[in-house]
Amino acid sequence: MDQRVYDHAETLVDWSARIEAGDDVVLRVAEGAHDLAVAVAEKLGERGANLLTVYSADEVRRAYLRAHDGEFDDDPAYELDMYEQADSVLSLGGGRNTTALADVPSERRQAAARAREGIREARLDTDWVSTIHPTRSLAQQAGMAYEEYRDFVYDAALRDWESLATEMGQLKDLLDDGSEVRIVGEGTDLTMSIENRIAVNSAASVAYDSHNLPSGEVFTAPVADSVEGTVTFDVPMTISDRRVRDVELTFEDGQVVDFSTAQGESAIAETLETDAGAKRLGELGIGMNRGIDRPTDTILFDEKMGGTVHMALGRAYASNFPEGHAEERNESAVHVDLIRRMDEGSQLVIDGDVVQADGVFRWEDGFEA
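The following refers to the structure shown.

Cut-offs used in this document
Residues numbered from 1 in each chain as written. Predicted model: local features only at pLDDT ≥ 70, side-chain atom pairs only at ≥ 80, totals over all residues. Heavy atoms only, no water. Helix = DSSP H or I, 4+ residues; strand = E, 2+ residues; numbered from the N terminus. Rg over C-alpha atoms; globule rule 2.2 N^0.38 Å. Buried < 20%, exposed > 50% of the residue type's maximum accessible area, 1.4 Å probe, protein only. Areas by Shrake-Rupley, 256 points an atom, 1.4 Å probe, with all protein chains shown as cover. Lys, Arg positive; Asp, Glu negative; His and termini not counted. Charge placed at Lys NZ, Arg CZ, Asp CG, Glu CD. Axes fitted to C-alpha atoms, helices over the stretch in contact; angles between N-to-C directions. Parallel < 35°, antiparallel > 145°, perpendicular 65-115°, else oblique. Left-handed = near helix turned anticlockwise from the far one by under 90°. Contact = heavy atoms within 4.5 Å. Expected span 1.5 Å × (residues − 1). Bend = angle between axes of the 7 residues up to and from the residue. Salt bridge = Lys/Arg side-chain N within 4 Å of Asp/Glu carboxyl O.

### A word on the overall build of the protein chain
When its secondary structure is counted, the protein chain shows 11 helices and 20 strands. In terms of C-alpha radius of gyration, the protein chain reaches 20 Å, essentially the compact-globule figure of 21 Å for 369 residues. Each principal axis of the C-alpha atoms in the protein chain carries an extent, and together these give about 50 × 50 × 45 Å. Burial analysis of the protein chain (369 residues in total) assigns 54% to the buried set. Carbon and sulfur atoms make up 42% of the accessible area of the protein chain, which totals about 15600 Å². Computed over 34 positive and 75 negative side-chain charges, the inter-centroid distance for the protein chain is 5 Å.

Rendered as structure tokens:
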């Protein structure tokens, strides 16, 4: 195998998940991720961890959901127990068809998601890490040749994470000390409070409360009812197997009161209708991974892209809330990210100070407020 597959596995097991001898690990393997699964299993064996491997495939899930009557049992105990007993859950993404679920009715997918909220929370209570193995379907979705896409994935994932963590720590400190964030740009003027929030330095390791590989973002949670103004998201993406472009959201008292899209209106409408929390923002993230230099239509990469911000409709992460403020967390069955480029004319402002202008941070060369 390509040596980078073994390097990817080592980074995942050692830097990201911090696996130790005796840890109980669930390894979730998607179609096409076999080589990475083999390399990860070898590393887990070397560390003396306990391994349970679970296979997942979108086409299998499609068959099940289309055949089901839509009345799902809440949190089946056999699956819930697996995650409640696990120390770590490592998810290896891949797949043969990136739109395999396109013909599954959205209400059925939403019902299945709601029925497994407890299972999802149990998985998120572990030292979980998600990553992606480069597959031909993902390369096609990204508009790249397969070899080109492999290079892209490894450039994004195999970085000097300690150095990037130090750089991102500067932004974390500004957000932790800040009270209000304003984002300004073409079609955008949005403000939100970040009082009593903890920003996460997402340096691709559970040691930083970070759970994606690659990562390279700093994220926080807005005060749910504080979001005011309009924001446009100009990075195209796929949501619920539908292409979405140029989303504009207008907020009043923290809720989406109006929206428009150039494409994919039904995907945004269905997201907003999931539950009450889906109309509010659960996350503000700032991408800082310069190894990700183009959209790929895969959120694991695109939301970390240097020179972007993203905001998520729906569920907020518990890691952004200090003790005594957990009840302020926005709850929802969904967490749907939308991304905008912070290109020419854009500013990220914290308490009146310009922290980023035209996609360049004030500690980087070329910054001009």
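### As for the packing of helix H4 (residues 77-85) against helix H6 (residues 117-124)
For the pair H4 and H6, interaxial distance at closest approach is 8 Å and the crossing angle is 15 degrees. By the criterion of interaxial angle, the relationship of H4 to H6 is roughly parallel. For the pair H4 and H6, the crossing hand works out as left-handed. Seen from H4, the contacting residues are Glu79, Leu80, Tyr83 and Glu84; seen from H6, they are Gly118, Ile119, Ala122 and Arg123.

### Some remarks on helix H9 (residues 161-177)
With 17 residues, H9 extends 24 Å from end C-alpha to end C-alpha; this agrees with the ideal 24 Å at 1.5 Å per step. Taken as a whole, H9 carries its principal kink of about 25 degrees at Met168. Looking only at H9, the buried set comprises Trp161, Leu164, Ala165, Met168, Gly169, Leu171 and Leu175.

### Side note on the pattern of salt bridges
Applying the stated rule across the entire model yields 23 salt bridges. One salt bridge connects Arg4 with Asp151, and the closest N-O pair in it is separated by 2.8 Å. Separated by 147 residues along the polypeptide, Arg4 in helix H1 (residues 3-16) and Asp151 in helix H8 (residues 146-157) bring together distant segments of the chain. Notably, a salt bridge pairs Arg341 with Asp234, separated by 3.9 Å at the nearest N-O pair. Of this pair, Arg341 sits in strand E17 (residues 335-341) while Asp234 sits in the loop between strand E10 (228-233) and strand E11 (237-239); the two residues are 107 residues apart in sequence, bridging distant segments of the chain. Accessibility expressed as a relative area gives 29% for Arg341, which makes it partly exposed. Classification of Asp234 as partly exposed rests on a relative accessible area of 24%. Overlapping salt bridges bring together Asp2, Arg4, Arg150 and Asp151 as one network.

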